[in-house]
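# Overview (structure and organization)
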Amino acid sequence: MSRVLLVHWNEGEAEERAARLRKLGYGVDCHWNQQDAGGLRAVRDEPPDAFVIDLGRLPSHGRAVGTLLRQQKATRRVPIVFVEGDPEKVALARGLLPDAVYTAWSRIRGDLRRAIRKPPAEPVVPGTMQSYTMTPLPIKLG
């Protein structure tokens, strides 16, 4: 059974999404608390078969997590599957991680299976400040 790490920022939605993935036959670890950075660091020791990051809530956090995962040698080759999200926010993620998989929850079954079967051979590794430099100035200034 393949293991996935689901990253989400709403407990109720995260549990519903995790249940959906379990129903598809995946072992799911779920991180929904944005303060739970320690849990994300722990995956370096035992990486999952794929990361599923929901961009429906806090997409900038999802992009940051995806960037962090690619910057770490231990998780660099693990496929990242971004799910849902506002098209403009998803476009920002595509700019950072063009080799990640972008899908909707309605298509997660096939897209996640393909991502696990064929992980990125030459994963894109964004620079440490790249996700910050893509943020529009008004947002940086608050």
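Reading guide: rules and limits
- Along each chain, residue indices are assigned from 1 in the same order as the chain's sequence is written.
- In view of the model being predicted, local features appear only for residues whose pLDDT reaches at least 70, and side-chain atom pairs are presented and counted only at 80 or more, with totals across whole chains, interfaces and linings using the full set of residues.
- Based on all heavy atoms of the structure, the side-chain values leave hydrogens and waters out of the count.
- Only DSSP runs of H or I covering at least 4 residues are called helices, and only runs of E covering at least 2 are called strands; the numbering of each starts at the N terminus.
- Classification of residues uses two cut-offs on accessible area relative to the type maximum, computed with a 1.4 Å probe and protein chains only: under 20% is buried, over 50% is exposed, and between them is partly exposed.
- A pair is scored as a salt bridge if a Lys or Arg side-chain nitrogen falls within 4 Å of a carboxyl oxygen belonging to Asp or Glu.

Now for the overall build of the protein chain. The helix and strand inventory of the protein chain stands at seven helices and five strands. Starting at the N terminus and walking to the C terminus, you meet the elements of the protein chain as β-α-β-α-β-α-β-α-β-α-α-α. Buried positions account for 40% of the 142 residues belonging to the protein chain.

Let's shift gears to the pattern of salt bridges. Considering all chains together, one arrives at seven salt bridges under this definition. As a salt-bridge pair, Arg57 and Glu13 come within 2.8 Å of each other at their nearest N and O atoms. Within this pair, whereas Arg57 is found in the loop between strand 3 (50–54) and helix 3 (59–71), its partner Glu13 is found in helix 1 (residues 11–23), the two being separated by 44 residues in sequence. Owing to a relative accessible area of 26%, Glu13 belongs among the partly exposed residues under this scheme. Of the charged contacts, one joins Asp111 and Arg114 as a salt bridge, the two residues approaching to 2.6 Å between their closest N and O atoms. Of the two residues, Asp111 and Arg114 are both situated in helix 5 (residues 108–117); the distance of three residues between them amounts to about one turn of the helix. By relative accessible area, which is 14% here, Asp111 ends up buried. Overall, Arg114 belongs to the partly exposed group, its relative accessible area being 47%.

Keep in mind that these numbers describe shape and distance, not what the molecule does.
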